[in-house]
Amino acid sequence: MSSSSKIRLAIPNKGRIAEPINDLMDRSGIHIQMSASRQLIAKTVDPQIEVLFVRPIDIPEYVAKGVADIGITGVDMVAERGSDVSVMLDLKFGSARLVLAVPEKSPVQSVEDLSGLRIATEFPGICRRYFADAGVDVTLIEVSGACEAAPQLGVADAIVDLTSSGTTLEINKLRIVDEIISSTTNVIANHESLATKHEKIEEILLAFESVIAAKGQCYLMLNVDKSRLDDVRSLIPGLGGPTIMDIAGSGAVAVHAVVPHVRVYQLINQLKHAGARDVLVLDITRMVR
Ligand SMILES: Nc1ncnc2c1ncn2[C@@H]1O[C@H](COP(=O)(O)OP(=O)(O)OP(=O)(O)O)[C@@H](O)[C@H]1O
Ligand SMILES: O=P(O)(O)OC[C@H]1O[C@H](OP(=O)(O)OP(=O)(O)O)[C@H](O)[C@@H]1O
Ligand SMILES: [Mg+2]
C-alpha cells in the first residue's frame, strides 16, 4: 500500500491507450516529470501524486492489491483479471468490443454450435466465464496476440478478440457471432484508498472530468454593433447563452460563448454575415460546470 499522503497512479507504459492517457495527464495539469524514457516510476508537478508505468493488463491487480491507489486502463482488462476494484470514471476513449468470431464460411451460427471446438484468445479469464455461463464446453487456445490468424492456420475453430474498426476481422475473413463485452478506458480505484484518500482522489477525478467536458468544445469571442446583436445571438448555440459585455465608449458589445468544434466552420461564416467582427476561436483545456 502506498504511503497515506501520496497517491500512486498506475498508467500504461506503452500501447494504443498510453498516448491519450499522457495527453489527459497534461491537459489535467498533472504533468509527469520524466528523467529517463524507460523509467517506470515518476514524480509529477504535484508532490502528492506519483505515477507507475505498467502494462494495461497488469493495472487492475496493481490497484486491487493497493500497490497503486488508482489506475487508468480498459474495463476489459479489469474483467479479464477479475480484479476487485471500483470503476470510477469513463474517459470516453479506447473503445473496443470483445467479440466471438468465426471464419465467414464456418457453419457456426451461435455459441452453442461451438461445443467441443477450439477457441483462440488473449482473454482466457473472460472466455472461461462466458462459455461456462453459456453451458458450452470448449478448448481454449491461449495466444498473446495476432489471434485472427489461428482459424486459417488450423489452430482454432473460432476466436475471442477485440475489435474497434473491424479491419482485422474483415481482412482475415472472420464473422462476428456474439459480442461479449464492450470496453472503454476508465479510471479505477482501490477500495481502501477510496476511503482513506477520498479527497485527493476526488480532486484528480475532477481534473480528468473537466478535460473530458472540454473535449469537442471551443471558446468563441467576437464584437458586434448593438444594432446587430439579436442577429448574432440567434446563431450561437452556447452552453447557456452567450455572455454579452458592453465595450466602453462604443455602440458595440463583446459576445463570448462555448460552442462545439463541429459548428465553428459554418458558424464563423454566418456570424460574419450577421455583422460580427474581431472573431476569435480558442481551444478549451478544461471545463468545470
Ligand atoms: N483495436 C484494439 N485492439 C486492442 N486493444 C484495444 C483496441 N482498441 C482499444 N483497445 C484497448 O486498449 C487497451 C489496452 O490495450 P493494450 O495496450 O494491451 O494493447 P495494445 O495497445 O494493442 O498493445 P499491444 O500491442 O501490446 O497489444 C485495452 O483496454 C483495449 O480495450
Ligand atoms: O478492429 P481493428 O481496428 O482491426 O483492431 C482489432 C485488432 O487490434 C488488436 O490487435 P493489436 O493491434 O493490439 O495487436 P495484438 O493482437 O498483437 O495485441 C486486436 O487484438 C485486434 O487484432
Ligand atoms: Mg493489442
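Residues numbered from 1 in each chain as written. Chains lettered and ligands numbered in written order. Predicted model: local features only at pLDDT ≥ 70, side-chain atom pairs only at ≥ 80, totals over all residues. Heavy atoms only, no water.

**Quick notes on the pairing of strand β15 (residues 252–260)**
We apply this condition: Note on classification: 1.4 Å probe, protein chains only; a residue is buried when its accessible area is under 20% of the maximum for its type, exposed when over 50%, partly exposed between these limits. What counts as a helix is a DSSP run of H or I of at least four residues, what counts as a strand is a run of E of at least two, and both are numbered from the N terminus. Two strands make a pair as long as DSSP finds a minimum of two bridges between them.
Across the nine residues of β15, eight count as buried, placing the element largely inside the fold. Inspection of the sheet shows strand β13 (residues 217–225) paired to β15 by nine bridges, in the antiparallel sense. Counted as the bridge partner of glutamine 217 is proline 260 from β15. Where strand β14 (residues 243–246) and β15 come together, four bridges link them in antiparallel fashion.

**What to know about the pattern of salt bridges**
Cut-off, in case you're wondering: When a carboxyl oxygen of Asp or Glu lies within 4 Å of a side-chain nitrogen of Lys or Arg, that pair is called a salt bridge.
Going through the model one piece at a time under the given rule, you end up with 12 salt bridges. In this structure, the salt-bridge partner of arginine 27 is aspartate 23, at a minimum N-O distance of 3.3 Å. Here arginine 27 pairs with aspartate 23, and both are found in helix α1 (residues 18–28), just four residues apart, close to one helical turn. Under the relative-accessibility criterion, aspartate 23 is labelled partly exposed at 35%. A salt bridge links aspartate 246 to lysine 226; the nearest nitrogen and oxygen atoms lie 3.0 Å apart. Remark: lysine 226 occurs in the loop between β13 and α8 (229–233) and aspartate 246 occurs in strand β14; sequence separation between them is 20 residues. Relative accessible area serves as the criterion here: at 58%, aspartate 246 is assigned to the exposed category. The network of salt bridges with common partners includes Asp46, Lys200 and Glu203.

**Some remarks on the sheet that holds strand β5 (residues 70–74)**
Heads up, the rule is: Residue contacts follow a heavy-atom distance rule, with two residues in contact if any of their heavy atoms lie within 4.5 Å. In this analysis an axis means a line fitted to C-alpha atoms, helices contributing only their contacting stretch, and an angle means the value between N-to-C directions, from 0 to 180 degrees.
With mixed pairing, the seven strands of this open sheet are ordered in space as β2-β3-β4-β1-β5-β12-β6. The outermost strands of the open sheet, each flanked by one partner alone, are β2 (32–33) and β6 (86–90). Sitting on the sheet, α1 is in contact with β1 (7–12), β2, β4 (49–54), β5 and β12 (185–189), with an inclination near 145° to β1. Lying on the sheet, helix α7 (residues 198–214) is in contact with β1, β4, β5, β6 and β12; it crosses β6 at an angle near 30°.

**Re the site of ligand 1**
Rule in force here: Note on definitions. A residue lies near a molecule or strand when any single heavy atom of the residue is within 4 Å of it. By the criterion applied in these results, polar contacts are pairs of N or O atoms within 3.5 Å in which, for protein atoms, one can donate a hydrogen and the other can accept it, and in which residues neighboring in sequence qualify only through two side-chain atoms. Note on areas: these come from Shrake-Rupley sampling with a 1.4 Å probe, and a residue is covered only by the protein chains present in the view. When residue character is reported, Ala, Val, Leu, Ile, Met, Phe, Trp, Tyr, Cys and Pro are called nonpolar, Asp, Glu, Lys and Arg charged, and the others, Gly included, polar.
Inspection of the region around ligand 1 gives 14 residues, with Arg16, Arg55, Gly74, Asp76 and Ser164 positioned closest. One of the side-chain nitrogen or oxygen atoms of aspartate 76 is found 2.5 Å away from an oxygen atom of ligand 1. Considering ligand 1 on its own, with 590 Å² of exposed area, one finds that the protein chains cover 74% of that surface. Across the shell around ligand 1, the residue classes tally to five nonpolar, six polar and three charged.

**A look at the packing of aromatic side chains**
What characterises a pair of aromatic rings is the spacing of the ring centres plus the angle enclosed by the ring planes. The condition that has to hold: Each pair of aromatic rings taken from Phe, Tyr and Trp, with Trp reduced to its six-membered ring, is defined by centres within 6.5 Å and is described as stacked if the planes are under 30 degrees apart, edge-to-face if over 60, and tilted in the remaining cases.
Scanning the entire structure with this criterion turns up one aromatic pair. With centroids separated by 5.0 Å and ring planes inclined at 75°, the aromatic side chains of tyrosine 130 and phenylalanine 131 adopt a geometry described as edge-to-face. Assessed through its relative accessible area of 2%, phenylalanine 131 is described here as buried.

**Side note on the site of ligand 2**
Around ligand 2 there are 13 residues in total, and Arg16, Glu148, Ser164, Ser165 and Thr168 lie nearest to it. Note that an oxygen atom of ligand 2 is positioned 3.2 Å from one of the side-chain N or O atoms of glutamate 122. If ligand 2 stood free it would expose 490 Å²; the protein chains cover 68% of that surface. Among the elements of the structure, β10 (158–163) and α5 (167–171) are those that each provide at least two residues to the shell around ligand 2. The biggest single contributor to the shell around ligand 2 is β10, with three residues. A per-class count over the shell around ligand 2 returns two nonpolar, seven polar and four charged.

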